[in-house]
Amino acid sequence: MFFDIPRPRRRFRPVGAAALALGLAAVTGCSSDSGAGGDDTVKIGLVASLSGTYEPVGTELRAGFELYLDTHDNKLGGRKAELVVADEGDGPPTALPAATKLVKKDKVDVLTGLVSGGSVNAVLPLVEQAKIPFLGSNARPPVKDIEYVWTTSFLSDEPGKAIAPYVKEKVDGPVYAIGPDYQGGYDELRGFTEEFKRVKGKLANPGGKTTWTPFPKTTNFMPYFAEIAKTDAKAVYCFYAGKAAIDFAKQYAQSDIADLPLYTAFVTEGSVLQAQGDAAKGIYSVLNYAADLDNEANRTFAADWTAEHDTQPTTYAMASYDAAAVLDKAIADAAKKGDVTPQTINKAIEGLGQIDSPRGAWEFSDKAHAPVQTWYLRQVRPDGSQLANVMVQDLATLGS
């Protein structure tokens, strides 16, 4: 379903930054508020990958949420916010016990975060049983029962769906699709391949099927690149993030297919871009955010982010920052109507309407409880003395 939402078209460059090291303490302290008792504190549980392949992603999810608290007096909806953080690791085997502790022992009012789609699926029965809102801040797979399930990021198949028509228009010939063999990879590549075929695009993969790389053990992509070189591919579309994205981009630039245009959703997003260096030059990506979007919310967010970090803000940090913003509004609305409980917070989220965000204005869809939002094409280009994902154009507004 397509909606017309006001969206920015100009760009700006975030100002310079001073680096600030982030600790890995488990709890973010609340601001002191004399006279405020325990009933005036809302407890938020954040599960993110603070170790493993997706540590760069999880670290930014945490930092984005913390940035909102830091710039809002450590309060959400006028109440003291206690943030309890747990390590998701590489997926369900570590994510589920981490989330279980937050819900059953720490008694959090809201659960947020989760990097992996597989982790989301593993944790949802816990959320449904406890009847607390889960406000995911990274890609989410399709979910049947969405009563307590929301995401401030996107559905996992949307990035590929948004860029597929552009790739079909720009690439004169077949495109090779490759990604990791887990839930997020399946969803992300499915979005691209189904939409690409719908617009009459052809895959260069043997049999027209996506090539899957074992996760997380695949660190050498050269054999896969050698196989791509044997096909008639005129471009490559892939999905990788975290440490796998660093390996993929560096090896791609040294491979026999280095001259083929590379389109992706996440390969160059976040701190991995610095590690990739010149190997990332020219890579196209599709995401719901670019650091140089010119709107008031992004100017504030980017300035606050770069005041504490030596990198540009990312979609991971932005979506987690927005999760805190959503809770700020929802908790305030719940308080106006009576008691603040997990159930009243969840009900308040449902009635929020449009969210003013660094990505541009968006709102939760009724059908999926995911953002109706604009998707952007970016390309890695020099931006001053550093490389950056520079916004090229709008691609589509998706949501259902």
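- You'll find the protein chain entered in an unreviewed UniProt entry as ABC transporter substrate-binding protein, with Streptomyces silvae given as the organism.

A look at the overall build of the protein chain
Link 1 in the chain: Regarding its fold elements, the protein chain presents 11 helices and 15 strands.
Link 2 in the chain: Computed over the C-alpha atoms, the radius of gyration of the protein chain is 20 Å, within 12% of the 21 Å expected from 2.2 N^0.38 for a compact globule of 400 residues.
Link 3 in the chain: Along the longest, intermediate and shortest principal axes, the C-alpha atoms of the protein chain span 70 × 45 × 40 Å.
Link 4 in the chain: As presented, the protein chain carries roughly 15900 Å² of accessible surface, and 49% of it is formed by carbon and sulfur atoms.

Observations concerning the pattern of salt bridges
Link 1 in the chain: Under the criterion given, the structure shown has 13 salt bridges.
Link 2 in the chain: For the salt bridge of Arg190 with Asp157, the shortest nitrogen-to-oxygen distance reads 3.5 Å. Pair noted here: Arg190 is in helix α5 (residues 183-198) and Asp157 is in the loop between β7 (149-151) and α4 (158-170), with a separation of 33 residues, a long-range link.
Link 3 in the chain: For Arg190, a relative accessible area of 28% translates into the label partly exposed.
Link 4 in the chain: The exposure class assigned to Asp157 is buried, which follows from its relative accessible area of 15%.

Description of the confidence of the model for the protein chain
Link 1 in the chain: For the protein chain, per-residue confidence averages 90 on the pLDDT scale, and 90% of positions sit at 70 or higher.
Link 2 in the chain: Segment residues 1-38: pLDDT under 50, and 89 contacts once partners within four positions in sequence are set aside and those in other chains are kept.

Let's talk about the packing of helix α2 (residues 92-105) against helix α3 (residues 117-130)
Link 1 in the chain: Where α2 contacts α3, the axes come no closer than 8 Å and their chain directions differ by 25°. In terms of their interaxial angle, α2 and α3 are classed as roughly parallel. The two elements α2 and α3 meet at a crossing, and its hand is right-handed. Where α2 abuts α3, its residues Pro92, Ala95, Leu96, Ala99, Thr100, Val103 and Lys104 lie against Gly118, Ser119, Ala122, Val123, Leu126, Gln129 and Ala130.

Quick word on the packing of aromatic side chains
Link 1 in the chain: Across all of its chains, the model carries 26 aromatic pairs by this definition.
Link 2 in the chain: Judged by centre distance (5.1 Å) and plane angle (15°), the rings of Phe192 and Phe196 are stacked. With Phe192 and Phe196 both in helix α5 and four residues apart, this pair spans about one turn of that helix.
Link 3 in the chain: Residue Phe192 is classed as buried on the basis of its relative accessible area of 0%.
Link 4 in the chain: When the centroid spacing of 4.6 Å and the interplanar angle of 50° are considered together, the rings of Phe301 and Tyr321 count as tilted. Of this pair, Phe301 sits in helix α9 (residues 296-306) while Tyr321 sits in helix α10 (residues 315-337), and the two are 20 residues apart along the sequence.

What counts and what doesn't
Residues numbered from 1 in each chain as written. Predicted model: local features only at pLDDT ≥ 70, side-chain atom pairs only at ≥ 80, totals over all residues. Heavy atoms only, no water. Helix = DSSP H or I, 4+ residues; strand = E, 2+ residues; numbered from the N terminus. Rg over C-alpha atoms; globule rule 2.2 N^0.38 Å. Areas by Shrake-Rupley, 256 points an atom, 1.4 Å probe, with all protein chains shown as cover. Salt bridge = Lys/Arg side-chain N within 4 Å of Asp/Glu carboxyl O. Buried < 20%, exposed > 50% of the residue type's maximum accessible area, 1.4 Å probe, protein only. pLDDT = per-residue confidence, 0-100. Contact = heavy atoms within 4.5 Å. Axes fitted to C-alpha atoms, helices over the stretch in contact; angles between N-to-C directions. Parallel < 35°, antiparallel > 145°, perpendicular 65-115°, else oblique. Left-handed = near helix turned anticlockwise from the far one by under 90°. Phe/Tyr/Trp six-rings, centres within 6.5 Å; stacked < 30°, edge-to-face > 60°.

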